[in-house]
Amino acid sequence: MSPSLSGKEGSHSKSSDPLSEKRERIRHSASHVMADALRSFYPEVQLAIGPPTDDGFYYDVLLPPGTPQLTLEDLPKIEEKMRQIIKADHKFIYKEIDRKEALELFAKAPFKKQIIEGIPAEEKLSLYSHGGFTDLCEGPHVNSTGEIKAFKLMSVAGAYWRGDEHNAMLQRIYGTAFESQAALDDHLKNLEEALKRDHRKLGKDLELFMFDPVAPASPFFLPKGAIVYNELIKYIRELYKKYGYQEVITPQIFSTDLWKRSGHYDNYIENMYMFEADDREFGVKPMNCPAHAMMYSIRIHSYRELPIRFADFGRLHRFERSGVTHGLTRVRSFAQDDAHIFARPDQVQAEITVFLNQFMETYHMFGFGDIFIRLSLRPEKRTGTDEMWDRAEAALENALKANNLKYAPTPGEGAFYGPKLDFLVKDAIGREWQLGTLQLDYSLPERFNLEYAAEDGSIMRPVVIHRAWLGSIERFLGILIEHLAGAFPVWLSPVQVVLVPIADRHTEYAFKVVSELVEAGVRAEVDDRKERMNLKIRDAQLKKVPYILVVGDKEAEAGTASVRMRTGEDKGAKSVADVKAEIMQMINERK
RNA sequence: GCCGGCGUAGCUCAGUGGCAGAGCAGCGGUUUCGUAAACCGCAGGCCGUGGGUUCAAGUCCCACCGCCGGCUCCA
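Each chain has its residues counted from 1, running along the sequence as written. For naming, the first written chain is A and the first written ligand is 1, with later ones following in the order written. Where totals are concerned, whole chains, interfaces and linings use all residues; where local detail is concerned, this predicted model gives features only for residues with pLDDT of at least 70, and gives and counts side-chain atom pairs only at 80 or more. Only hydrogens and water are removed before side-chain values are computed, so all heavy atoms of the structure are retained for them.

Here's the deal with the overall build of chain A
To keep things clear, this is the line we draw: Runs of E in the DSSP output that reach at least two residues are strands. Runs of H or I that reach at least four are helices, and both are numbered from the N terminus. For every residue, the accessible area (1.4 Å probe, protein chains only) is compared with the maximum for its type, and the residue is labelled buried under 20%, exposed over 50%, or partly exposed between those bounds. Throughout, a contact is declared for two residues whenever any of their heavy atoms are within 4.5 Å. All tallies of charge rest on Lys and Arg as positive and Asp and Glu as negative; His and the ends of each chain are not included. By convention, charge coordinates are those of NZ in Lys, CZ in Arg, CG in Asp, or CD in Glu.
In terms of regular secondary structure, chain A is built from 18 helices and 30 strands. Its C-alpha atoms put chain A at 85 × 75 × 50 Å along the principal axes. Burial statistics for chain A: of 591 residues in total, 50% are counted as buried. Summarising the internal contacts of chain A: among those between residues at least 6 apart in sequence, 70% fall at separations of at least 24. Separation of charge centres in chain A, based on 79 positive and 88 negative side chains, amounts to 2 Å.

This is how it looks when you write it as structure tokens:
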């Protein structure tokens with residue numbers, strides 16, 4: 001069961017199957033109907049764009065100056081109007097027009113005018129009308145408004161015109177529409193389900209981590225969360241050992257001398273925490289690479305030593321803009337399973353191939369099925385020669401091809417110092433997150449004057465590969481929590497076993513069993529509260545403890561424990577030795 | 001940073017100008033029980049922070065902080 005790979009990011013893929021195609025029509029049409037309804041309340045409303053999306057549609061609008069902003073409370077009346085329009089079953093009428101006509105028709109619609117001006121002259125322009133409403137639109141649509149069988153307006157949000165923060169802020173109304181009420185209900189149920197898996201909620205409920213205004217967007221890992229965090233690191237450390245990485249420990253704070261040299265002072269300072277001490281300016285590190293470059297430079301390296309792989313779990317701080325933080329997935333304080341590989345140019349491709357295999361192995365183990373690989377190619381603004389970029393991009397692409405991996409080349413998205421591979425997964429609510437990354441860097445070796453002595457004695461420049469499997473541990477944990485709905489595999493579970501004594505007199509035996517498990521390295525506890533066993537079983541299951549061992553007279557007598565799983569499955573009584581062996585095996589096999 | 005919403009007990013939430021509430025959790029007691037919530041009782045509050053309006057503010061207004069939904073950005 002290997003993770004399926006899709007070359008395209010889901011949110012950008014054009015649907016090909018009939019149902020998705022139908023929904024796209026329905027949603028696109030619903031967006032027109034919504035604009036129509038909105039216009040009946042605000043005749044002067046300026047319409048921008050109203051496309052279908054993966055799970056619904058939206059329309060970006062600008063209300064006339066002085067109009068109060070739309071809020072959630074305005075949605076019901078808009079929905080009501082939409083229902084009337086749908087009931088009237090207006091036909092959608094398609095009409096092609098020439099550019100001049102279009103510009104006249106939309107003379108008073110500045111956003112539409114801009115759209116028209118942006119469409120290449122040779123492309124035809126078209127209109128879609130229903131009832132008395134006409135919009136510039138490529139389509140396709142349903143035949144008539146009556147085909148929009150079920151819809152719901154979801155939310156109102158702000159959005160910049162054309163996604164550029166220098167442009168006007170528009171209001172975006174989100175809605176969704178389906179071919180049947182049942183499908184809509186199903187969708188709403190899924191949303192509710194996703195809410196239950198939200199890692200922020202589960203993190204609180206399971207006491208994994210907390211946040212506090214005294215450290216905005218910076219998680220406090222509570223004891224249980226710290227266990228999971230450290231288990232992840234322990235796993236990564238094993239891989240480091242296996243694959244020839246050397247772990248290093250580097251300072252947290254550096255003088256701006258370093259940040260100027262690395263380029264961060266010019267390119268990244270708005271994301272850094274800077275301060276003065278002793279009349280010098282310092283910055284808290286947002287990345288580990290400069291420190292690793294310095295460590296590489298302690299002496300001249302022979303070509304025989306390369307590749308050198310420095311791994312670092314150093315804590316990074318990035319000052320993220322206030323509106324962008326999100327639970328564990330976008331924080332200001334975090335660590336990565338970060339490593340920099342200093343390699344000879346001829347070693348680059350082999351390193352990438354090995355990395356890809358390690359990456360797939362890791363993701364397979366965590367059970368992620370929906371992985372997207374993005375190959376980010378040279379941006380406009382970049383350092384280095386074209387030959388260098390050709391070689392670097394080819395190295396990444398060849399490695400992907402050699403490993404039969406699908407990927408989406410994305411021009412212009414690379415870092416200024418080199419192209420990169422980004423590994424994205426989708427969370428429970430369909431949001432896409434970047435986790436792992438691999439970047440080729442020709443700039444850092446230049447800036448830090450990194451060298452090695454080649455076979456012929458000449459001095460050569462190594463290439464640096466930045467790479468992470470999990471990305472940020474924090475973000476990975478957040479995605480993992482949602483992916484698993486908080487039910488960690490045994491090896492990651494903060495509490496792996498809870499002993500439930502049936503009556504007080506069985507507590508002593510329960511502790512005996514626990515100490516045997518703890519001795520073997522299992523995280524086991526006795527629930528010795530003065531409560532009934534029913535409650536204790538319930539609580540253990542709500543806390544997603546994988547093994548619940550119930551012990552009473554029979555078990556104490558026979559030296560057994562009744563095994564109940566968090567799923568509710570009752571596996572019956574087993575000898576303590578057998579239970580212990582089973583749990584140990586789960587842990588050792590990381591299941 | 002920008003647009004909008006929200007902030008009341010540990011948690012989930014009610015209270016919309018007139019005495020701060022409920023359920024769960026917590027604590028005390030009773031119950032000692034065979035696989036998802038026993039019963040009784042007791043406590044628990046700078047209503048995010050600061051200012052303002054008012055005879056009176058959890059409630060109305062302003063600012064700030066934080067969170068949530070988006071935009072932009074990103075590990």
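Structure shown, so let's carry the discussion forward.
Description of the domain arrangement of chain A
Counted only if it meets this: What fixes the domain bounds is an automatic or database domain assignment.
Parsing chain A into structural domains produces domain 1 (2-194), domain 2 (202-484) and domain 3 (497-588). With centres defined by C-alpha atoms, the gap from domain 2 to domain 3 works out at 41 Å.

A few points about the sheet that holds strand 6 (residues 133-136)
Short version of the rule: Strands are labelled as partners when DSSP assigns at least two bridges between them. Angles here are taken between N-to-C directions and fall from 0 to 180 degrees, while the axes themselves are lines fitted to C-alpha atoms, restricted in helices to the stretch in contact.
The strand order across the open sheet formed by 3 strands is 4-5-6, and the pairing between neighbours is antiparallel. What marks the edges here is a single partner per strand, and that holds for strand 4 (93-97) and strand 6. Between one strand and the next, the sheet's axes are offset by a mean angle of 25°, whatever the strand orientation. Where strand 5 (residues 125-130) lies against strand 6, 4 bridges are found, and the strand directions are antiparallel. For Leu127, the partnering residue across the bridge sits in strand 6 and is Leu136. The sheet contacts of helix 1 (residues 18-41) involve strand 5 and strand 6, and relative to strand 6 the element is tilted by about 125°.

Let's talk about the protein's contact with RNA strand B
As a reminder of what qualifies: Whether a residue is near a molecule or strand is decided by its heavy atoms; if any one of them lies within 4 Å of it, the residue is near. For this analysis, a polar contact is any N or O atom pair within 3.5 Å, provided that within protein one partner can donate a hydrogen and the other can accept it, and provided that sequence-adjacent residues contribute only side-chain to side-chain pairs. We call Asp, Glu, Lys and Arg charged. Ala, Val, Leu, Ile, Met, Phe, Trp, Tyr, Cys and Pro are nonpolar, and the rest, Gly among them, are polar.
Around RNA strand B lies a shell of 52 residues, among which Tyr160, Gly163, Lys530, Glu555 and Arg564 are the nearest. Of all RNA strand B atoms lying within 4 Å of any protein atom, the proportion belonging to sugar or phosphate reaches 51%. Within the side chain of Ser322, an N or O atom sits 3.0 Å from a phosphate oxygen of RNA strand B. For RNA strand B, a base oxygen lies 2.5 Å from a polar atom in the side chain of Arg330. Considering only residue class, the surface near RNA strand B consists of 19 nonpolar, 14 polar and 19 charged.

Digging into the packing of helix 11 (residues 348-366) against helix 12 (residues 386-402)
Just so we agree on the cut-off: By definition in this entry, angles of less than 35 degrees are roughly parallel, angles greater than 145 are roughly antiparallel, angles of 65 to 115 are roughly perpendicular, and the rest are oblique. Take the far helix as the reference: if the near one is turned anticlockwise from it by less than a right angle, the crossing is left-handed, and if turned clockwise, right-handed.
Close contact between helix 11 and helix 12 brings their axes to 9 Å; oriented N to C, the two are set at 45°. Between helix 11 and helix 12, the crossing angle belongs to the class labelled oblique. The chirality of how helix 11 crosses helix 12 is right-handed. Where helix 11 approaches helix 12, its residues Val348, Gln349, Ile352, Thr353 and Leu356 are matched on the opposing element by Ala395, Leu396, Asn398, Ala399 and Leu400. The residue inventory of the contact of helix 11 with helix 12, partitioned by class, reads 7 nonpolar, 3 polar and no charged.

A closer look at the side chain of His264
Within the secondary structure, His264 sits in helix 9 (residues 264-267). Under the relative-accessibility criterion, His264 is labelled buried at 8%.

What about the pattern of salt bridges?
Going by this rule: Any carboxyl oxygen of Asp or Glu within 4 Å of a side-chain nitrogen of Lys or Arg constitutes a salt bridge here.
The tally for this structure, following the rule as stated, stands at 34 salt bridges. The partner of Glu474 in a salt bridge is Arg315, with the nearest N and O atoms 3.1 Å apart. One end of the pair, Glu474, is in helix 14 (residues 473-484); the other, Arg315, is in strand 17 (residues 315-317), and 159 residues separate them in sequence. By relative accessible area, Glu474 is classed as buried at 0%.

Looking at unusual backbone geometry
Glycine aside, negative phi is the norm for most residues, and most peptide bonds take the trans geometry. Going from Leu306 to Pro307, the amide bond is cis rather than trans, its omega being 0°. For Pro307, the location among the structural elements is in the loop between strand 15 (301-302) and strand 16 (308-312). Backbone geometry at Asp89 places phi at a positive 55°, although glycine is not the residue there. Looking at the element boundaries, Asp89 is found in the loop between helix 2 (75-87) and strand 4. Judged by relative accessible area, Asp89 falls into the partly exposed class, the value being 36%.

A closer look at the environment of Ile269
For Ile269, the location among the structural elements is in the loop between helix 9 and strand 13 (274-277). The spacing of Ile269 and Glu516 is 247 residues in sequence and 53 Å in space, taken between C-alpha atoms.

Some words on the sheet that holds strand 15
Across the sheet, which stays open at both edges, the 3 strands sit in the order 15-23-24 with mixed pairing between neighbours. Looking at the sheet topology across the chains shown, the edges are occupied by strand 15 and strand 24 (459-460).

Regarding the side chain of Asp338
You can see Asp338 is positioned in strand 18 (residues 333-343). For the buried Asp338, no salt bridge exists, and the shortest N-O distance to an oppositely charged side chain is 5.8 Å, to Arg467. A distance of 2.9 Å separates polar atoms of two side chains, one belonging to Asp338 and the other to Asn288. With residues up to four places along the chain from it excluded, the contact list for Asp338 reads Tyr240, Asn288, Phe310, Ala311, Asp312 and Arg467.

What to know about helix 16 (residues 533-542)
Convention followed: In this context, the arc is that of the directions from the helix axis out to the C-beta atoms.
Within helix 16, burial applies to Lys536, Ile537, Asp539 and Ala540. All buried residues of helix 16 project into a common sector of 165° when viewed along the axis, lining one side. In the core, the buried residues of helix 16 are packed alongside strand 26 (497-501), strand 28 (547-551) and strand 29 (560-565). Positioned one or two residues after helix 16, Lys544 has a phi angle of 65°, which is positive.

Some words on the pairing of strand 8 (residues 169-178)
Two faces, one strand: in a regular strand the side chains alternate between the faces of the sheet. Taking burial as the measure, the 10 residues of strand 8 include 8 buried ones, the bulk of the element. Bridge analysis of strand 3 (residues 57-62) against strand 8 gives 5 bridges, and the strand direction is antiparallel. Across the sheet, residue Phe57 finds its bridge partner in strand 8, namely Gly175. Of the strand pairs in this sheet, strand 7 (residues 150-160) and strand 8 are connected by 10 bridges, and their pairing is antiparallel. Bridge pairing links Gly158 to Gln171 in strand 8.

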